[in-house]
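Coordinates in review
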Amino acid sequence: MSENTAENIFTEWKERSEEIAHHFKNRDRKSAKKPMVYFFQQYLKTIYLVNGRQPNDLSNYKSDLKGFQHLPVNAIERLSFIEDQPDHYQSYIQLSALFSEWEKKSVILKKRGT
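On a predicted model such as this, the values are computed, not experimentally measured, just so you know.

**So, helix 5 (residues 89-112)**
Relative to the 34 Å expected for 24 residues at 1.5 Å per residue, helix 5 spans 35 Å between its end C-alpha atoms, a close match to the ideal helical length. Along helix 5, the positions that sit buried rather than exposed are Ser91, Tyr92, Gln94, Leu95, Leu98, Phe99, Trp102, Ser106 and Leu109. Buried residues along helix 5 sit against helix 1 (6-25), helix 2 (29-50) and helix 4 (75-84). Of the residues trailing helix 5, Gly113 is marked for its positive phi of about 80 degrees.

**Observations concerning the layout of surface pockets**
Gaps left between atoms show up when a probe the size of a water molecule is rolled over them. There is about 230 Å³ of room inside the largest pocket. What lines the largest pocket is a set of 13 residues, and nearest its centre among them are Ala6, Glu7, Val50, Ser106 and Lys110. Of all the secondary-structure elements, those providing two or more residues to the lining of the largest pocket are helix 1, helix 2 and helix 5. Considering each element in turn, the lining of the largest pocket owes the most residues, 5 residues, to helix 5. Residue classes in the lining of the largest pocket are distributed as 6 nonpolar, 4 polar and 3 charged.

**Overview of the packing of aromatic side chains**
A full pass over the atoms with the stated rule returns 12 aromatic pairs. When the ring of Trp13 is compared with that of Tyr92, the centres are 6.0 Å apart and the planes differ by 40 degrees; the resulting orientation is tilted. With Trp13 in helix 1 and Tyr92 in helix 5, this residue pair connects regions lying 79 residues apart in the sequence. Just as Trp13 is buried, Tyr92 falls in that class too. Between Phe39 and Phe99, the aromatic rings sit 6.4 Å apart at their centres with planes inclined by 80 degrees, giving edge-to-face as the arrangement. Of this pair, Phe39 sits in helix 2 while Phe99 sits in helix 5, placing them 60 residues apart in sequence. Residue class for Phe99 comes out buried when judged on its relative accessible area of 2%. An aromatic cluster of at least three residues, connected via ring pairs, comprises Phe10, Trp13, Phe24, Tyr38, Phe39, Tyr43, Tyr89, Tyr92 and Phe99.

Calculation rules
- Residues numbered from 1 in each chain as written.
- Predicted model: local features only at pLDDT ≥ 70, side-chain atom pairs only at ≥ 80, totals over all residues.
- Heavy atoms only, no water.
- Helix = DSSP H or I, 4+ residues; strand = E, 2+ residues; numbered from the N terminus.
- Expected span 1.5 Å × (residues − 1).
- Buried < 20%, exposed > 50% of the residue type's maximum accessible area, 1.4 Å probe, protein only.
- Contact = heavy atoms within 4.5 Å.
- 1 Å grid on protein atoms, 1.4 Å probe; cavity = no way out; pocket = protein on both sides within 12 Å on 5 of 7 lines; lining within 4 Å.
- Points joined across faces, edges and corners; volume = space filled by probe spheres on them.
- Nonpolar A, V, L, I, M, F, W, Y, C, P; charged D, E, K, R; others polar.
- Phe/Tyr/Trp six-rings, centres within 6.5 Å; stacked < 30°, edge-to-face > 60°.

Structure, rendered in structure tokens:
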């Protein structure tokens with residue numbers, strides 16, 4: 001993706017998430033790990049962008065998220081789970097759910113202008 005907007009990240013996830021699912025279906029956790037880590041970081045960027053912040057340094061995301069007005073439900077707990085175990089199928093399921101929830105919420109927030 002040329003532009004790092006939340007919409008582009010959501011589109012990229014939709015286009016490439018099946019690839020990750022395929023790795024897990026084949027019980028190839030090693031091949032799933034790299035794209036999971038990549039999309040974990042991309043997901044974090046969407047949270048920053050929707051909250052009007054630039055995602056420059058994601059290493060402190062837990063403390064940053066505490067100050068954000070708009071977040072997914074239980075964001076820090078769910079993201080910590082994914083971060084700790086990116087090569088587990090349950091992390092993929094969680095990341096998929098987060099992408100779906102956050103895309104819907106970001107559209108609502110954009111329409112409201114907040």
